[in-house]
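Secondary and tertiary structure notes
Each chain, written out:
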Protein chains: 2
Amino acid sequence: MAAKRVVVYGGSGALGRTVVDTFVRNNWQTISIDLAANEAASSAISVGADQSWVQASESVLSQLETALGGEKVDAVVNVAGGWAGGNIAAADIVQSSELMWKQSVQTSIISGQIASKHMADGGLVVMTGAAPALQGGTSFMIGYGMAKAAVHQLVQSLAQDDSGLPANSNVVGILPVTIDTPGNRAGMPDADFAAWTPTQVFADAIFNWTAQPPANGSLQQFNTTAGNTAIVDVTKA
Amino acid sequence: MAAKRVVVYGGSGALGRTVVDTFVRNNWQTISIDLAANEAASSAISVGADQSWVQASESVLSQLETALGGEKVDAVVNVAGGWAGGNIAAADIVQSSELMWKQSVQTSIISGQIASKHMADGGLVVMTGAAPALQGGTSFMIGYGMAKAAVHQLVQSLAQDDSGLPANSNVVGILPVTIDTPGNRAGMPDADFAAWTPTQVFADAIFNWTAQPPANGSLQQFNTTAGNTAIVDVTKA
């Protein structure tokens, strides 16, 4: 059986590295897309921080076409993203909203384009949303909430029959509450880390979904308490 | 009693012109913000189509500060926006998604900044969402659905106590199904125009809300059948 292939957008981030490692360990060909190369991946595609959305899309798609040489991928996982706070009175609300859009929404659309052009029928697409943006207002992180609400909408759109994805695709949104990363530990040193979700829990879930996906178009929230994580379908009607 | 003041972002569009006319007719000082000046408004603030988000924000806020001369506004209404179709396989999906973001989300954030800096306590903020983006996937208009989902999220965020808006503000989202505009009639000449909502219905509702607002943070859908419009609160928990 030929090796399976996955594209991991954000493959050099804290979550992305764990996702890449998990697929590599399971003998998948793993293509990482990020600002910095992830040497653990089978191949790495670079994207520039200062590129416009159109430039990033064209550059990533062109590099990927070369890397694949006509082969299909079986999964596209977007774990790129970031976080910024600020309410509407924040002096940098435009800048932070633009950064959140770039990190979460632009990467999600480009990941969707990758799946549309290069994914095999029946493949898996994973996007990264956020639990707080599904539960109501996010006044202290307005740009973040808008970007993640847009990603949740995109998951629903891509799951529809005429979305432009290959036949029988499955599209799933992962909704972290808080991811246990070195950056988050440094930023919130007094928090209860046992209530945060380890990156390996996300990576294992995503890998398992390539064989047994949850409902197409669903949003899956990761709730961690005392070191145990429950994955809950929080899709709204 | 001093004249009341409203800022209408998108005041030269089909919906915006009706909103401006309605407030002018009711003796409000009406400040229009748009690419083209609306001569019917008390004053017009111009924004450039090629400006970045930061440039547009800074330019609009600077021009408005001069126009107001320290006076407060009683309402901020954003009816800027547009429509673009396209699923994830569309060749111009990035371009159309970027345009939708610019027309709907960037204007909504700048409108929120205006309210934060210049609105009187107890004022009204109106943002323009879209009914389809609340009801599920929008695969044939992916960029539009993402932008409108972000606006819905913004309405919820701005309605919270610590949003950065003045005390006792009311924030409401209008969710059109289809607005009866010359552009929409030209684009869909065979549609049932009696199922579309006239611009005057939106303008009257918005004007009435300045005295009697609906629930803070609510999304109000305009359903028109045989020429009659019902305004339905469709806020999700």
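In this text, all values refer to a predicted model and were calculated from it rather than measured experimentally.

Some details on the overall build of chain A
When helices and strands are counted, chain A shows six helices and ten strands. Expected size for 237 residues packed as a compact globule is a radius of gyration near 18 Å; at 17 Å, chain A falls within 12% of this value. For chain A, the spread of C-alpha atoms along the principal axes amounts to about 50 × 40 × 40 Å. Evaluated residue by residue, chain A yields a buried proportion of 55% over its 237 residues. For chain A, long-range pairs separated by at least 24 residues make up 65% of all intrachain contacts whose partners lie at least 6 apart in sequence.

Things to note about helix α1 (residues 14-25) of chain A
Residue and element names in this part refer to chain A. Over its twelve residues, α1 extends 17 Å from the first C-alpha to the last, a length consistent with the 16 Å expected when each residue adds 1.5 Å. Turning to α1, its buried residues number three or more, namely L15, G16, T18, V19, V20, T22 and F23. Buried residues along α1 sit against β1 (5-9), β2 (29-34), β4 (73-78), β6 (170-176), β7 (179-180) and α6 (199-209).

Quick notes on the relation of the copies chain B and chain A
For the pair chain B and chain A, the relating rotation is 180°, the translation along its axis is 0.0 Å, and the fit reaches an RMSD of 0.0 Å. Taken together, the rotation angle and the small translation identify this as a two-fold axis. The rotation axis passes nearest to the C-alpha of A150 of chain B in chain B, at a distance of 2.7 Å. When you check the interface residues of chain B against chain A, 100% turn up at the interface there too, and the contact is symmetric in its surfaces.

A closer look at the sheet that holds strand β10 (residues 228-233) of chain A
Residue and element names in this part refer to chain A. The eight strands lie next to each other as β3-β2-β1-β4-β5-β6-β9-β10, forming an open sheet whose pairing is mixed. At either margin of the open sheet sits one strand with a lone partner, and together these are β3 (43-46) and β10. For this sheet, the mean angle separating the axes of adjacent strands, direction not counted, is 20°. With five bridges connecting them, strand β5 (residues 119-128) and β6 associate as parallel partners. Looking at β6, one finds that V126 is bridged to V172. In the packing of helix α2 (residues 53-68) onto the sheet, contacts are made with β1, β2, β3 and β4, and the angle to β3 comes to roughly 160°.

Some details on the packing of aromatic side chains
Counted under the stated rule, the structure contains 15 aromatic pairs over all chains. With a centroid separation of 4.9 Å and 75° between ring planes, the pair formed by F23 of chain A and W28 of chain A is classed as edge-to-face. Judged on exposure class, the residue F23 of chain A and its partner W28 of chain A are both buried. Grouping aromatic residues by their ring pairs yields a cluster made of W53 and W101 of chain A together with W53 and W101 of chain B.

A word on the interface of chain B and chain A
Listed by partner, the interface residues are 39 residues for chain B and 39 residues for chain A. The interface formed by chain B and chain A includes zero salt bridges. Put simply, chain B and chain A have 18 residue pairs in polar contact (both at pLDDT 80 or more) between them. Secondary structure elements with two or more residues in the side of chain B that touches chain A: α2 (53-68), α3 (93-118) and α4 (142-158) of chain B. Considering only residue class, the side of chain B that touches chain A consists of 18 nonpolar, 18 polar and three charged.

Description of the packing of α2 of chain A against helix α3 (residues 93-118) of chain A
Residues and elements named next belong to chain A. Taken N-terminus to C-terminus, the directions of α2 and α3 make an angle of 40°; their axes are 10 Å apart at the nearest point. Relative to α3, α2 is oriented oblique. Every pair of crossing elements has a handedness; the one defined by α2 and α3 is right-handed. Residue-level contacts link W53, A56, S57, V60, L61, L64, E65 and L68 of α2 to W101, V105, Q106, I109, I110, Q113, I114, K117 and H118 of α3.

A short note on the pairing of strand β9 (residues 218-225) of chain B
If a strand is regular, its side chains alternate between the two faces of the sheet. Residue and element names in this part refer to chain B. For β9, the buried fraction is high: six of the eight residues fall into the buried class. In this structure, strand β6 (residues 170-176) lies alongside β9, joined through five bridges in parallel fashion. By the bridge assignment for β9, I174 is matched with Q220. Counted along the chain from β9 to the antiparallel partner strand β10 (residues 228-233), the turn is two residues long, and its residue A226 has a positive phi close to 50°.

A closer look at the nonpolar core
Core analysis: the largest hydrophobic core is formed by 96 residues, its most contacted members being I109 and I114 of chain A together with I109 and I114 of chain B. Look past the residues within four positions of I109 of chain A in its chain and what remains in contact with it is W53 and L154 of chain A together with I88, I93, V94, S97, I142 and M146 of chain B.

Things to note about the environment of D74 of chain B
All names here are of chain B. Structurally, D74 can be placed in strand β4 (residues 73-78). Accessibility expressed as a relative area gives 23% for D74, which makes it partly exposed. D74 sits 45 residues away from M119 along the chain, and the two C-alpha atoms are 5.8 Å apart.

Cut-off values and rules
- Residues numbered from 1 in each chain as written.
- Chains lettered and ligands numbered in written order.
- Predicted model: local features only at pLDDT ≥ 70, side-chain atom pairs only at ≥ 80, totals over all residues.
- Heavy atoms only, no water.
- Helix = DSSP H or I, 4+ residues; strand = E, 2+ residues; numbered from the N terminus.
- Rg over C-alpha atoms; globule rule 2.2 N^0.38 Å.
- Buried < 20%, exposed > 50% of the residue type's maximum accessible area, 1.4 Å probe, protein only.
- Contact = heavy atoms within 4.5 Å.
- Expected span 1.5 Å × (residues − 1).
- Least-squares fit on C-alpha atoms with pLDDT ≥ 70 in both.
- Pairing = 2+ DSSP bridges.
- Axes fitted to C-alpha atoms, helices over the stretch in contact; angles between N-to-C directions.
- Phe/Tyr/Trp six-rings, centres within 6.5 Å; stacked < 30°, edge-to-face > 60°.
- Salt bridge = Lys/Arg side-chain N within 4 Å of Asp/Glu carboxyl O.
- Polar contact = N/O pair within 3.5 Å; in protein donor to acceptor, adjacent residues only side chain to side chain.
- Nonpolar A, V, L, I, M, F, W, Y, C, P; charged D, E, K, R; others polar.
- Parallel < 35°, antiparallel > 145°, perpendicular 65-115°, else oblique.
- Left-handed = near helix turned anticlockwise from the far one by under 90°.
- Core = buried A, V, L, I, M, F, W, Y, C linked by side-chain atoms within 4.5 Å.

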